[in-house]
Amino acid sequence: MHCCCSPVQMPESSLPAQRHMKYKDPVSSCSHRCSVDPAAPAPLPDADPGSCSSATVWFDSATLGSLEITPGLPKLSCDSEDEEGMLQSLLQFLSQIKRLKIVFDQSKEVNRKNVTRILDVLAKQNHKLQQLCIVCHGENPYFYSGQDILQSIRNICDTENQIDLQHIDFRQMPFTLDDELVELVATSNPNLHSLFINNRTLVCNVAPGTIRKVLRACPKLSALGVYYASLSDDVFQELLKPERAAFTHLDIFCERLDKYIPVISEELWAAVSQKHPQLCVDLEFDHTVPACKIPRILKLNIPVSTLQLNTYNYMVNQIRFVTQSYSSTLKKLTLQTTSSEDLNSSLVDLARQCGKLLEIHCYCVVSQEVVEAFLAHCPSLKQYTLKVTKERHPWKPVTVQ
């Protein structure tokens, strides 16, 4: 991604005291103090040289009034004790941003207020926004459900604002989404290419009927992240319609409520995989999923690319099934399970069969033979977490050189 400095420049006299602004930008003619970042990507073909086309906004929980805008690799850093002045400097860029990622600690009220202000300004002034990602990295205060943030998102989706989002990622925004909001997002943004709403909250309030409406309202949608509880046979039938464009990514979060709902049949998975041969499926099982439900959800014909089994249960039978069923598609596997000789044996067999594996993370002690098997039989392996002795958590992965 690429960003150029905003054409709106503030005179030195108008900058609040104690602000230090540092720009890195590929545009060497910028009037600010600039340096060329050799790692910065080339400008996008449609990039406006007079606009800030992409940005990450970071609200720091440790230092009140600290935020960082990271447009791709080029960077604008503002450190100020003047919260209001700093925010005003940021707001001048918002009308030009096409891709925006907001990262903040929602436990701080000032951060929440700043995020809602930014979103509300976007709703009123920005008709160019194409991508929106919101990431929370703190703890929700007691009785806080994010209604202020969700209302600002509704404001952005107001049809009068003419914003036409193409990519939305709410996977790390831990506020419960409902049918009304998700349907509003879809109907007001018919050119959506990706929508991720599997945000790991305790309750899924998005029904399968809403996902069907999303697919109908957004014919270009090719990537979707949802709870397993939001899927149904009817949703899959929507994906099987002849006029449906290529569908390439399905990211599914499974949790405790899945024990009450019917599973997607083997036949439907096979039909969708045949209709969309480029489809990759990511599956994550929360620790609240009953162990007996996991084999029912895992089907032979799912083109699983990433699988997370965070169950802390005996998983040997599931690992053997994964080896037999997903050896041609599996690229990343994460396990939270218990140590045993059977586990070691099943992992060695998986290493021998799953040659496309890029990452393996097992958060229990394994044998040295397991480590050697993955290094020997997985030529594309980039990272692994495989410990032969107990260590203090968190366990850090090893990067394969």
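Residues numbered from 1 in each chain as written. Predicted model: local features only at pLDDT ≥ 70, side-chain atom pairs only at ≥ 80, totals over all residues. Heavy atoms only, no water.

1. Let's talk about the overall build of the chain
Then comes step 1: Summing up its helical and strand segments, the chain has 11 helices and 16 strands in all.
Then comes step 2: For the chain, buried positions account for 50% of its 401 residues.
Then comes step 3: Contacts in the chain between residues far apart in sequence, at least 24 positions, make up 73% of those at least 6 positions apart.
Then comes step 4: Accessible surface for the chain amounts to roughly 18700 Å². Of this, 51% is attributable to carbon and sulfur atoms. (Helix = DSSP H or I, 4+ residues; strand = E, 2+ residues; numbered from the N terminus. Buried < 20%, exposed > 50% of the residue type's maximum accessible area, 1.4 Å probe, protein only. Contact = heavy atoms within 4.5 Å. Areas by Shrake-Rupley, 256 points an atom, 1.4 Å probe, with all protein chains shown as cover.)

2. Focus: the pattern of salt bridges
Then comes step 1: Applying the stated criterion across every chain, the model contains 11 salt bridges.
Then comes step 2: Put simply, Glu391 and Lys387 hold a salt bridge, and the shortest N to O gap is 3.5 Å.
Then comes step 3: Residues joined by salt bridges that share partners form a network here, namely Arg212, Arg216, Asp234, Glu238 and Lys241. (Salt bridge = Lys/Arg side-chain N within 4 Å of Asp/Glu carboxyl O.)

3. With respect to the packing of aromatic side chains
Then comes step 1: Scanning the entire structure with this criterion turns up five aromatic pairs.
Then comes step 2: Positioned over the ring face of Tyr144 is Arg112, at 4.5 Å from the centre of the ring.
Then comes step 3: Looking at Arg171, its charged tip hangs above the ring of Phe196, at a distance of 3.9 Å from the centre. (Phe/Tyr/Trp six-rings, centres within 6.5 Å; stacked < 30°, edge-to-face > 60°. Lys NZ or Arg CZ within 6 Å of the ring centre and 35° of its normal.)

4. Some points on a negative patch on the surface
Then comes step 1: Together, Glu341, Asp342, Glu369 and Glu372 give the surface a local cluster of negative charge.
Then comes step 2: Every element with two or more residues in the negative patch is listed here: helix 10 (341–353) and helix 11 (368–377).
Then comes step 3: Take Glu372: it is sitting in helix 11. (Patch = residues over 30% accessible without salt bridge, like charges linked within 9 Å, V, L, I, M, F, W, Y side chains within 5 Å. Lys, Arg positive; Asp, Glu negative; His and termini not counted. Charge placed at Lys NZ, Arg CZ, Asp CG, Glu CD.)

5. Some points on the pairing of strand 5 (residues 99–104)
Then comes step 1: Of all six residues that make up strand 5, five are buried, and the element is covered over most of its length.
Then comes step 2: Of the strand pairs in this sheet, strand 5 and strand 6 (residues 131–136) are connected by six bridges, and their pairing is parallel. Bridged to Lys101 within strand 6 is Cys133. (Pairing = 2+ DSSP bridges.)

6. Focus on the nonpolar core
Then comes step 1: Formed by 102 residues in total, the largest nonpolar core has its most connected members in Leu119, Met173, Leu283, Phe285, Leu307 and Phe374.
Then comes step 2: Residue contributions to this core peak at six residues, all from helix 2 (residues 109–125).
Then comes step 3: Every residue in contact with Leu119, bar those within four places of it in the chain, is listed here: Ile102, Leu132, Ile134, Ile149, Ser152, Ile153 and Ile156. (Core = buried A, V, L, I, M, F, W, Y, C linked by side-chain atoms within 4.5 Å.)

7. A look at the environment of Gly138
Then comes step 1: Following the sequence through the fold, Gly138 ends up in the loop between strand 6 and helix 3 (147–156).
Then comes step 2: The spacing of Gly138 and Pro174 is 36 residues in sequence and 9.8 Å in space, taken between C-alpha atoms.
Then comes step 3: Setting aside residues no more than four positions away along its own chain, Gly138 makes contact with Phe104, Asp105 and Gln106.

8. What to know about the packing of helix 10 against helix 11
Angle between the axes and distance between the axes are the two parameters that describe a pair of packed helices.
Then comes step 1: Axis separation between helix 10 and helix 11 bottoms out at 8 Å; the angle between their running directions is 5°. In terms of orientation, helix 10 and helix 11 fall into the roughly parallel class. Contact residues: helix 10 offers Asn344, Leu347, Val348, Leu350, Ala351 and Arg352, while helix 11 offers Glu369, Val370, Ala373, Phe374 and His377.
Then comes step 2: Its residues assigned to classes, the contact of helix 10 with helix 11 shows seven nonpolar, two polar and two charged. (Axes fitted to C-alpha atoms, helices over the stretch in contact; angles between N-to-C directions. Parallel < 35°, antiparallel > 145°, perpendicular 65-115°, else oblique. Nonpolar A, V, L, I, M, F, W, Y, C, P; charged D, E, K, R; others polar.)

9. Quick look at the packing of helix 4 (residues 179–188) against helix 5 (residues 208–217)
Then comes step 1: The geometry of helix 4 relative to helix 5 is characterised by a closest axis approach of 9 Å and an angle of 5° between their N-to-C directions. Relative to helix 5, the element helix 4 is oriented roughly parallel. Packed against helix 4, whose contacting residues are Asp179, Val182, Glu183, Ala186 and Thr187, the element helix 5 presents Thr210, Lys213, Val214 and Ala217 at the interface.
Then comes step 2: Among the residues making up the contact of helix 4 with helix 5, the classes are represented as four nonpolar, two polar and three charged.

10. Notes on the confidence of the model for the chain
Then comes step 1: Taken residue by residue, the chain gives an average pLDDT of 82. The fraction at 70 or more is 78%.
Then comes step 2: Across residues 61–81, where pLDDT falls below 50, the model places 69 contacts with residues more than four positions away in sequence or in other chains. (pLDDT = per-residue confidence, 0-100.)

11. Quick look at helix 3
Then comes step 1: Among the residues of helix 3, those classed as buried are Ile149, Leu150, Ser152, Ile153, Arg154 and Ile156.
Then comes step 2: Packing partners of the buried residues in helix 3 comprise strand 5, helix 2, strand 6, strand 7 (167–172) and helix 4.

12. Observations regarding the environment of Ser232
Then comes step 1: For Ser232, the location among the structural elements is in the loop between strand 9 (223–227) and helix 6 (233–239).
Then comes step 2: Distance in space between the C-alpha atoms of Ser232 and Val263 is 7.7 Å, their sequence separation being 31 residues.
Then comes step 3: The residues contacting Ser232, other than those within four sequence positions of it, are Pro208 and Ile264.

13. Section: the side chain of Thr116
Then comes step 1: Positionally, Thr116 belongs in helix 2.
Then comes step 2: When its relative accessible area of 13% is taken as the criterion, Thr116 is described as buried.
Then comes step 3: When near neighbours in sequence (up to four residues on either side) are disregarded, Thr116 contacts Asp148, Ile149 and Ser152.

14. Details of the environment of Ser194
Then comes step 1: When you line up the elements, Ser194 lands in strand 8 (residues 194–196).
Then comes step 2: With sequence-adjacent residues up to four places away left out, Ser194 is seen in contact with Gln166, His167, Ile168, Leu221 and Ala223.
Then comes step 3: A distance of 2.8 Å separates polar atoms of two side chains, one belonging to Ser194 and the other to His167. (Polar contact = N/O pair within 3.5 Å; in protein donor to acceptor, adjacent residues only side chain to side chain.)

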